[in-house]
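Analysis of the macromolecular model
Here is what each chain is made of, one letter per residue.
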Amino acid sequence: MPYTPPPELADLSLVQIAEQVAQRKLPPVEQWDPQNSGDSMMRIAADGTWFHNGGEITRPAMVRAFASLLMRDESGTYWLVTPFQKLSIEVDDAAFIAIDVAERDGGLGFRLNTDELVVAGPDNPLIARGDTDTPSLYLLVRRGCEAKLNRSTYQQLADIALASGDDWTVESQGAQFSLLPNQIDRP
């Protein structure tokens, strides 16, 4: 079955973005309890590039397939999970990269490097880390995995925040998020 990427964020309303998110059928890895575990010999670099045995995985379809099986446990370990086994995977920074953002109808929709769409809100909060000189923004995606906002997406979000005031906060689906590290996020 050929892969059809979602339309560009600029062309979608928040309702359409939410529909795209709902249409994505992810494997129910939370329900699986495989007894066999090991090391996948895979790594996700800080720029979102996936590697296996030191070689880059260049097929986007493979990256999307592996990403759909990804989870992070309470200890911070990342796993690729199937019904039969779970394999650890090294993640340098974040499992995903947020590469675009659009503000629509009281919400912020993000496109990830895997072509997935995520709407920020109470279930998918934005998290500011680092310090005021070198801040980093992350979006909780699913199963404990986050997306780091790339530089252009960070700038887009900063422009959205500054357009509504000078307190460096944004709102999405009723939740307010600070873009500054060490600030309290308010649901």
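Residues numbered from 1 in each chain as written. Predicted model: local features only at pLDDT ≥ 70, side-chain atom pairs only at ≥ 80, totals over all residues. Heavy atoms only, no water.

A tally of helices and strands in the chain yields three helices and 14 strands. Split into buried and exposed, the 187 residues of the chain put 42% on the buried side. Only carbon and sulfur atoms are counted for the fraction: they give 50% of the accessible area of the chain, which is about 10,100 Å². (Helix = DSSP H or I, 4+ residues; strand = E, 2+ residues; numbered from the N terminus. Buried < 20%, exposed > 50% of the residue type's maximum accessible area, 1.4 Å probe, protein only. Areas by Shrake-Rupley, 256 points an atom, 1.4 Å probe, with all protein chains shown as cover.)

What follows covers the sheet that holds strand β10 (residues 126-130). Strands sit in the order β9-β8-β7-β12-β11-β10 across an open sheet of six strands; the sheet is mixed. Either end of the sheet is taken by a strand with one partner, and the two such strands are β9 (117-119) and β10. Sheet twist, expressed as the mean angle between neighbouring strand axes with direction ignored, is 40 degrees. One ladder, built from six bridges, connects strand β7 (residues 96-104) with strand β8 (residues 107-112); its direction is antiparallel. Residue pairing for β8: Glu103 is matched across the bridge by Leu108. (Pairing = 2+ DSSP bridges. Axes fitted to C-alpha atoms, helices over the stretch in contact; angles between N-to-C directions.)

With that settled, the discussion passes to the pairing of strand β5 (residues 78-81). Neither face of β5 is exposed, since Tyr78 and Leu80 on one face and Trp79 and Val81 on the opposite face are all buried. Sheet topology places strand β4 (residues 70-72) next to β5; three bridges connect them, and they run antiparallel. The partner of Arg72 across the bridge, within β5, is Tyr78. Between β4 and β5, which pair antiparallel in sequence order, lie five residues; one of them, Gly76, sits at a positive phi of approximately 95 degrees. Note that β5 and strand β6 (residues 85-91) share four bridges and pair antiparallel. When the bridges of β6 are listed, Tyr78 appears paired with Ile89.

Within the secondary structure, Ile97 sits in strand β7. Among the residues examined, Ile97 registers a relative accessible area of 8% and is labelled buried. Spatially, the C-alpha atoms of Ile97 and Thr114 are 8.2 Å apart, while their sequence positions differ by 17 residues. If we skip the residues at most four places from it in the chain, Ile97 touches Ala46, Asp47, Gly48, Arg111, Leu112, Asn113, Ala147, Lys148 and Asn150. (Contact = heavy atoms within 4.5 Å.)

Among the five residues in strand β12 (residues 145-149), four count as buried, and that is most of the element. Across three bridges, β7 lies against β12 in parallel orientation. What sits directly across from Ile97, in β12, is Lys148. Bridge count between strand β11 (residues 135-142) and β12: four bridges; the pairing is antiparallel. Note on β12: the bridge partner recorded for Leu140 is Glu146. Taking the residues between adjacent antiparallel strands as the criterion, β11 and β12 are bridged by two residues, where Arg143 takes a positive phi near 50 degrees.

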